[in-house]
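If you want the building blocks of each chain, they are given just below.
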Amino acid sequence: QVQLVQSGGGLVQAGGSLRLSCVASGATSSIGGMGWFRQVPGKDRELVAVISSGGTTDYGDSVKGRFTISRDNAKSAVYLQMNSLKPEDTAVYYCAASRFLIPLSAGRYDYWGQGTQVTVSS
């Protein structure tokens, strides 16, 4: 089993920045890809960014050029730096871990963090 604990998030004005962190514990050697998803009420979870254990990344189209995912394998941690935030980025953000290399769909993830609210005011 793997446990994921998130930190960061909160309220920020449009154009501002926030950084999310997620630390894994437990059977961390089983983790392949790690990612960030977000969800607003009434919609499915949306891929924000994913990173493999080797550092290969992929991003959702709506955040490319603004968000950066990074990973510290020694700390079993993954981070999401969010810049130039927009009101449409408002959502609950979830950290996730997968046994697959670089999974792009939520269904391919085995473990999830508790979620953290990000609110961007206009």
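Everything that follows concerns the structure shown earlier in this document.
Residues numbered from 1 in each chain as written. Predicted model: local features only at pLDDT ≥ 70, side-chain atom pairs only at ≥ 80, totals over all residues. Heavy atoms only, no water.

**Focus on unusual backbone geometry**
Then step 1. Although it is not a glycine, Ser76 sits at a positive phi angle of roughly 55°.
Then step 2. In the Ramachandran plot, Ser84 falls in the positive-phi region, its phi being about 50° despite a non-glycine side chain.
Then step 3. Position of Ser84 among the secondary structure elements: in the loop between strand 8 (77-82) and strand 9 (91-97). (Helix = DSSP H or I, 4+ residues; strand = E, 2+ residues; numbered from the N terminus.)

**What about the pattern of salt bridges?**
Then step 1. Per the counting criterion, the structure on display carries five salt bridges.
Then step 2. Residue Glu46 is joined to Arg38 by a salt bridge in which the shortest nitrogen-to-oxygen separation is 2.9 Å.
Then step 3. For Glu46, a relative accessible area of 33% puts it in the partly exposed group.
Then step 4. Residue classification places Arg38 among the buried positions, given a relative accessible area of 6%. (Salt bridge = Lys/Arg side-chain N within 4 Å of Asp/Glu carboxyl O. Buried < 20%, exposed > 50% of the residue type's maximum accessible area, 1.4 Å probe, protein only.)

**Here we look at the packing of aromatic side chains**
Then step 1. Counting across every chain of the model gives four aromatic pairs.
Then step 2. Look at Phe37 and Tyr109: their rings are 5.1 Å apart centre to centre, the planes differ by 80°, and that puts the pair in the edge-to-face class. Linking Phe37 in strand 4 (residues 34-39) with Tyr109 in the loop between strand 9 and strand 10 (111-112), this pair joins segments that are 72 residues apart in sequence. Each of the two residues, Phe37 as well as Tyr109, counts as buried.
Then step 3. Three or more aromatic residues link up through ring pairs in this structure, and these residues are Phe37, Tyr94, Tyr109 and Trp112.
Then step 4. Sitting over the face of the ring of Tyr94, Arg45 holds its NZ or CZ atom 3.7 Å from the ring centroid.
Then step 5. For Arg45, the ring lying beneath its charged end belongs to Trp112, and the centroid distance is 4.6 Å. (Phe/Tyr/Trp six-rings, centres within 6.5 Å; stacked < 30°, edge-to-face > 60°. Lys NZ or Arg CZ within 6 Å of the ring centre and 35° of its normal.)

**Examining the environment of Leu104**
Then step 1. With respect to the secondary-structure elements, Leu104 resides in the loop between strand 9 and strand 10.
Then step 2. Between the C-alpha atoms of Leu104 and Val120, which are 16 residues apart in sequence, the distance is 25 Å.
Then step 3. Contacts of Leu104, omitting those with residues within four sequence positions, involve Phe37, Leu47, Val50 and Asp58. (Contact = heavy atoms within 4.5 Å.)

So, to be careful, I would describe these as geometric facts and stop short of saying anything about function.
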